[in-house]
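Each chain, written out:
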Amino acid sequence: MGRGGSLAGLNIMALAGAGLILGVVALAIAAPSLAPTHPDRLSLEESLEPPGPGHPFGTDYYGRDVASRVLFGTRVSLAIGLSAQLIALVIGVVLGALAGYFGGWVDTVISRAIDIFLAFPDLLLAIGIASALGPGLPSILLALSLVGWPGLCRLVRGEVMAIRERDFIQAARAIGAGHAWMLARHVLPNVAAPVLIASSLGMGSRILQEASLSFLGLGVQPPLASWGSMVHYGLRWLSRAPWLVIFPGLAIAVAVLGFHLLGDGLRDMLDPRLRD
Amino acid sequence: MLSFVARRLVEAVPVLLAVSIVTFGLLYLVPGDPVKTLVGERASPETIANIRRELGLDLPVHERYLGWLGKVLKGDLGRSWLTGRPVAESLAARFPVTARLALTAFAVSVLVGLGLGVYSATRQNTVADHLVRTALLLVGAVPIFVMATAAMYLFGVKLRVLPVSGLGDGSFVYFVLPGTVLGLYLSIYQARMTRSVMLEVIRQDYIRTARAKGLPERVVTWRHAFRNALVTVITLLGGSLSHLLVGSVLTETIFNLPGIGRFTVDAAYARDLPAVMGCFLFQAVVFVVANVLVDIGYAAADPRVRLG
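Residues numbered from 1 in each chain as written. Chains lettered and ligands numbered in written order. Predicted model: local features only at pLDDT ≥ 70, side-chain atom pairs only at ≥ 80, totals over all residues. Heavy atoms only, no water.

> Help me out: how do you make sense of the nonpolar core in this one?
If you look at the biggest cluster of nonpolar residues, it comprises 112 residues, and the most contacted ones within it are I127 and L216 of chain A together with F145 of chain B. Ranked by the residues each element gives to this core, the list is headed by helix α10 (residues 243-270) of chain A, at 13 residues. For this core, the domains that each give at least three residues are domain 1 (2-73) and domain 2 (94-307) of chain B. With sequence-adjacent residues up to four places away left out, L216 of chain A is seen in contact with L123, I127 and H232 of chain A together with V249, L250, T253, V265 and Y269 of chain B. Core analysis: the next-biggest nonpolar cluster, separate from the first, contains 14 residues, L114, V197, L199 and V220 of chain B among them. (Core = buried A, V, L, I, M, F, W, Y, C linked by side-chain atoms within 4.5 Å. Buried < 20%, exposed > 50% of the residue type's maximum accessible area, 1.4 Å probe, protein only. Helix = DSSP H or I, 4+ residues; strand = E, 2+ residues; numbered from the N terminus. Domains from an automatic or database assignment. Contact = heavy atoms within 4.5 Å.)

> Teacher, can you tell me more about the environment of G73 of chain A here?
All names here are of chain A. Relative to the helices and strands, G73 resides in helix α2 (residues 66-102). Using a relative accessible area of 0% as the deciding quantity, one classes G73 as buried. The spatial distance from the C-alpha of G73 to the C-alpha of G228 is 8.9 Å, given a sequence separation of 155 residues. Excluding residues that lie within four positions of it along the chain, G73 makes contacts with A225, S226 and W227.

> How should helix α6 (residues 127-141) of chain B be read in this particular structure?
In this model α6 of chain B runs 21 Å from its N-terminal to its C-terminal C-alpha over 15 residues, within 8% of the 21 Å that 1.5 Å per residue would give. Those residues of α6 of chain B not exposed but buried are D129, V132, R133, L136, L137, G140 and A141 of chain B. The buried side chains of α6 of chain B occupy one side of the element, clustering within an arc of 160 degrees when seen end-on. Exposed side of α6 of chain B, more than 90 degrees from the buried face: V127 and L131 of chain B are the residues found there. Tucked into the core, α6 of chain B has its buried residues touching α1 (12-34), α8 (192-215) and α10 of chain A together with α5 (87-121) and α8 (173-202) of chain B. (Expected span 1.5 Å × (residues − 1). Arc of directions from axis to C-beta.)

> Whenever I open this one, the interface of chain B and chain A confuses me. Can you help?
Interfaces are frequently sized by the accessible area removed from exposure as the parts join. With 46 residues of chain B at the contact, the number on the chain A side is 43 residues. Regarding the contact of chain B and chain A, the summed buried area is about 3,700 Å², with carbon and sulfur atoms giving 80% of it. Viewed at the interface, chain A and chain B are joined by 0 salt bridges. Taken together, the links from chain B to chain A amount to 2 residue pairs in polar contact (both at pLDDT 80 or more). (Buried area = accessible area lost by both parts, 1.4 Å probe. Salt bridge = Lys/Arg side-chain N within 4 Å of Asp/Glu carboxyl O. Polar contact = N/O pair within 3.5 Å; in protein donor to acceptor, adjacent residues only side chain to side chain.)

> Help me understand the pattern of salt bridges in this model?
Any two side chains of opposite charge can pair, on the condition that their charged atoms come close. Under the defined criterion, the tally for this structure stands at 14 salt bridges over all chains. By sharing partners, the salt bridges in this structure join D40, D60, R64 and R69 of chain A into a single network.

> Sorry, what's going on with the confidence of the model for chain B here?
Regions with low pLDDT should not have their predicted coordinates read in detail. Residue and element names in this part refer to chain B. Per-residue pLDDT for chain B averages 85, and the proportion of residues at 70 or more is 95%. Across chain B, α5 holds the top mean pLDDT of 92, while helix α2 (residues 34-39) sits lowest at 68. With pTM at 0.87, the complex prediction returns an ipTM value of 0.85. (pLDDT = per-residue confidence, 0-100.)

> Would you mind going over α10 of chain A with me for this structure?
With 28 residues, α10 of chain A should reach 40 Å at 1.5 Å per residue; the first-to-last C-alpha distance of 40 Å fits that figure. For α10 of chain A, a buried count of 22 out of 28 residues is recorded, marking the element as mostly surrounded by other parts of the structure.

> I keep staring at the packing of aromatic side chains and nothing clicks. Help me out?
Aromatic rings in a pair are described by how distant their centres are and how their planes are angled relative to each other. Residue and element names in this part refer to chain A. Under the criterion given, the structure shown has 10 aromatic pairs over all chains. Ring centres 4.0 Å apart and planes at 5 degrees place the aromatic pair F57 and F247 in the stacked group. Highlighted residues: F57 in the loop between α1 and α2 and F247 in helix α10, separated in sequence by 190 residues. You can call F247 buried: its relative accessible area is 18%. Summarising the aromatic geometry, the rings of F117 and W149 are spaced 5.5 Å apart at their centres and angled 65 degrees between planes, so their arrangement reads as edge-to-face. Pair noted here: F117 is in helix α3 (residues 104-118) and W149 is in helix α5 (residues 137-164), with a separation of 32 residues, a long-range link. (Phe/Tyr/Trp six-rings, centres within 6.5 Å; stacked < 30°, edge-to-face > 60°.)

> I keep staring at the environment of L262 of chain A and nothing clicks. Help me out?
Residues and elements named next belong to chain A. Note that L262 resides in helix α10. Separated by 249 residues in sequence, L262 and M13 place their C-alpha atoms 6.3 Å apart. Setting aside anything within four residues of it in sequence, one finds L262 in contact with M13, A14, G17, A18, I21 and S200.

> Looking at this structure, I do not really get unusual backbone geometry. What am I missing?
In terms of backbone geometry, most residues other than glycine have negative phi values and most peptide bonds are trans. Following P222 of chain A, the chain continues into P223 of chain A via a peptide bond in cis, with omega recorded as 10 degrees. Positive phi, normally seen in glycine, also occurs at N256 of chain B, with a value near 55 degrees. As for its placement among the helices and strands, N256 of chain B is situated in the loop between α10 (217-255) and α11 (260-270). You can call N256 of chain B partly exposed: its relative accessible area is 35%. Despite not being glycine, R271 of chain B shows a phi value in the positive range, around 55 degrees. For R271 of chain B, the location among the structural elements is in the loop between α11 and α12 (273-301). Under the relative-accessibility criterion, R271 of chain B is labelled buried at 19%.

The following block contains the structure:
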């Protein structure tokens, strides 16, 4: 790992991460054809059956097939994580670029806003929002985006500030490039690498945060089920049916691991300064 | 040093004000009429009017905020809609549980995290180092609530050696499992940071000098490298703190410990807004103040920080 592992110039961690993510995405897409049964099909006579031939991951209290539910939960967890990360990305990049590029009072206002949002532990902010707004998809997305943007914004701001002083920017300015052109053509492409790295790690965080919120019962609400909410409902059967917790828990870990590996690997590849 | 402390304290004031505004703003996120949403449409007009007056909902926004802030500064966080008890009282009653959990977890995390970090760094790029780093990566992807559930199943359900739920008689044994799980969760972060800080220190000239003097490697590692790394490691505590607060919310919920984290979740679940706001404000203030203290500690340990 680290600087050592590479395959045809590509970092092994990044490859392993990309492989895991592709696998998880493929499972999400193919869920309807892969799932043994419909995820919501009740079958009370098959309540709490251990993993076996008919139900590879066992069944829950209502006899629903856990494997099918985990497969379909992949869609929910990934979709929420991705949407929240995209919203955070847009807010973070736009505000970060403005703050770093223009400096002055624009930077002061945006930097203070970053400080304020970083003054809250992430899950706490999400819990506050979810309880005020009421649990459900809108509050999860709002909570996770608000938690996600400050880190990205600070990163983009710093990178843009450094790039602003470089010669090629001065040159572009000298030949009369406008602000919008400068940002779009010269500044932002140069922050793409760090933003890509941060987004991969950020996806891992969003998935973990959604899972935590849903685990607390404040996130995804039935009939929708994400991996986190499956653990929430599985916990009450822990002593009789640990598979209700094991498989969704494992799914979270695999997805998060994928994004962490990809992020760390990309960092080793693209940002030699950060290698140890 | 004094001027650094003063400056850092003054800088914290606007952040704390902003924290209070965000907390107060939670009330405005409640869709529709917050009172009706929260006490139910069928509550008597009298109850609704009372709550409205208690919350000052009949006043303009800035007056409401200032009135609320004035009360908060006097230690009045309002009354829970659920139990009718003062929120500040409930927080005070639950604080010792969270503090004990946090201290236990912190002790475990420092022991394991710093230990693993130093172990891994002094064996850079060996099999042992790779194993430690791989383990940190794998365990780091497991959510703490899954880790906690697994520990609960193993020690509470299968082996039946440790209590897994509640506070019992309040003795230390009830904190062993939650404290260890939370501590291990924190130690992942601490081990990673300690490792990279140690790697930097080990490359310094004074370490080469210490080795050249013929000091045993153990002395070089612990007395020369680790003690210098420790200065930077102190700032980790700030980073750990966010993990500690978030982790304690999840850990207390799973292990049914009546601390502030559990209180927060119960309040959020019941949408008991005064209690949610109280918990929210309390934890955010603890977080901000602790970060200031960490900064001051860092400056006390390293003159470059306060002079730079």
